[in-house]
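Descriptive structure summary
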Amino acid sequence: IDECTVKILDEEMRRCYMHSGCLIVTPQHRNSLLLKQHEIGVKLKGLPKEDVIDILDESDAILEPSFQLVYAMGTKLHLPSRSNRCTMFQSLLTILSREECRASLRLVQDSAAFYKEDSKSGNFNGLRVLKLSSEDKTFLARNVAEHFVRNPPSDFEWLKKLKRRQDIDLLVQLVSDPEFQDTSIVIRDNPLFNLFKEDILAARGFLAYGILLHTLESRWGVSYGLRHLRDDDTQMAVPYSASDTPKARAEFSHPDVAIAYTN
């Protein structure tokens, strides 16, 4: 779209409006046109803000909460702390694969809460969450946080510098409790926490806000998987509508969820 096209569209819409006509467009095309004005810096004056009626067909699919129109503008930006987020989630999966961690999780023995899936050589041990109460989720998040802080993976050797029990308990609470207050102040006032704040915030996102457990509830190849397209070289996990059926042109809107499913 250029200025000439905008002028033609403006004149046609004004003429249609003056003669009591109507324009039938899809919602995504109208939203795209509205956003395009900001991208190219041109104002389409004839586009009415009122007298617009939405006619929904297949409303159960259109109004599905997971449906979201994303309009990309400008150049691509790197995800902040992408490396920290990816490494953190892989480390949390490593912790869940440890026998001592699984032994300490009394819930793992409950077949109604967990399902152990077969895993191939070189993969993480399969563990899928079936049904957990809010109390169980809180217990599991804190238990994983305890193992992460007290016996850290090789990528987080800096955690071994924590010698005082007070600092260890504080960090466990910080990364596992969603109601923890003054997170930024606590991180700022502790020199070691402030130096590795990206790691701490990544762990807090996966544990305290439930992303780890949320992604463990889904099934590979049913709820998510790869696109299997020749021209798709991203190898990022995408939502599935059914078994081995990727949703068309769909992606996970939350970057941490996309990272978790891809791992």
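What you are looking at is a predicted structure, and each value in this text was computed from that prediction instead of being measured.

When helices and strands are tallied, the chain shows twelve helices and five strands. Looking at the 263 residues of the chain, the share that counts as buried comes to 35%. Nonlocal contacts in the chain, meaning residues at least 24 apart in sequence, comprise 55% of its contacts between residues at least 6 apart. Element-wise, carbon and sulfur atoms account for 51% of the exposed surface of the chain, whose accessible area totals about 17,900 Å².

Now for the pairing of strand E4 (residues 238–242). One face of the sheet, then the other: side chains in a regular strand alternate in exactly this way. Both strand E3 (residues 224–225) and E4 contribute to a ladder of two bridges, which runs antiparallel. Residue pairing in the sheet places Tyr224 in a bridge with Pro239 of E4. Taken together, the two bridges between E4 and strand E5 (residues 245–246) define a ladder with antiparallel strand orientation. Bridged to Ala242 within E5 is Thr245. Between E4 and E5, which pair antiparallel one after the other, the connecting turn spans two residues, and Asp244 there sits at a positive phi close to 55°.

Now for the pattern of salt bridges. Tallied over the entire structure, the rule returns twelve salt bridges. A salt bridge links Glu12 to Arg15, with the nearest nitrogen and oxygen atoms 2.7 Å apart. One end of the pair is Glu12 and the other is Arg15, both in helix H1 (residues 3–18) and three residues apart, which spans about a single turn. Residue Arg188 is joined to Asp189 by a salt bridge in which the shortest nitrogen-to-oxygen separation is 3.3 Å. The same class applies to Arg188 and to Asp189, which are both exposed.

Interaxial distance between helix H4 (residues 82–97) and helix H6 (residues 134–150) falls to 10 Å at its minimum, and their mutual angle equals 100°. By the angle class used here, H4 and H6 are roughly perpendicular. Contact residues: H4 offers Met88, Leu92, Ile95 and Leu96, while H6 offers Val144, His147 and Phe148.

With that settled, consider the nonpolar core. Among the nonpolar cores identified, the biggest contains 42 residues, and Met88, Leu92, Phe148, Leu162, Leu171, Val175 and Ile200 are the most heavily contacted of them. Sorting the residues of this core by element identifies H4, H6, helix H7 (165–176), helix H8 (183–189), helix H9 (191–195), helix H10 (197–207), helix H11 (211–216) and helix H12 (255–262) as the ones contributing at least two each. When residues in this core are grouped by element, the largest group, six residues, is from H4. Residues within four places of Leu171 in sequence aside, it is in contact with Val149, Trp158, Leu159, Leu162, Phe193 and Ile200.

Another aspect to go through is the packing of aromatic side chains. Evaluation of the coordinates by the stated rule reveals six aromatic pairs. Between Phe148 and Phe156, the aromatic rings sit 5.4 Å apart at their centres with planes inclined by 70°, giving edge-to-face as the arrangement. Residues Phe148 and Phe156 agree in their burial class; the two are buried. When the centroid spacing of 5.5 Å and the interplanar angle of 75° are considered together, the rings of Trp220 and Tyr224 count as edge-to-face. Of the residues examined, Trp220 reaches a relative accessible area of 52% and is grouped as exposed. Three or more aromatic residues joined by ring pairs form one cluster here, namely Trp220, Tyr224, Phe252 and Tyr261.

The contact between H7 and H10 brings their axes to 7 Å, and the two run at 55°. The orientation of H7 with respect to H10, classified from their angle, is oblique. In this structure, H7 contributes Leu171, Leu174 and Val175 to the contact, and H10 contributes Ile200, Ala203, Arg204 and Leu207. Here the contact of H7 with H10 is composed, by residue class, of six nonpolar, no polar and one charged.

Reading the values: rules and limits
- Residues numbered from 1 in each chain as written.
- Predicted model: local features only at pLDDT ≥ 70, side-chain atom pairs only at ≥ 80, totals over all residues.
- Heavy atoms only, no water.
- Helix = DSSP H or I, 4+ residues; strand = E, 2+ residues; numbered from the N terminus.
- Buried < 20%, exposed > 50% of the residue type's maximum accessible area, 1.4 Å probe, protein only.
- Contact = heavy atoms within 4.5 Å.
- Areas by Shrake-Rupley, 256 points an atom, 1.4 Å probe, with all protein chains shown as cover.
- Pairing = 2+ DSSP bridges.
- Salt bridge = Lys/Arg side-chain N within 4 Å of Asp/Glu carboxyl O.
- Axes fitted to C-alpha atoms, helices over the stretch in contact; angles between N-to-C directions.
- Parallel < 35°, antiparallel > 145°, perpendicular 65-115°, else oblique.
- Core = buried A, V, L, I, M, F, W, Y, C linked by side-chain atoms within 4.5 Å.
- Phe/Tyr/Trp six-rings, centres within 6.5 Å; stacked < 30°, edge-to-face > 60°.
- Nonpolar A, V, L, I, M, F, W, Y, C, P; charged D, E, K, R; others polar.

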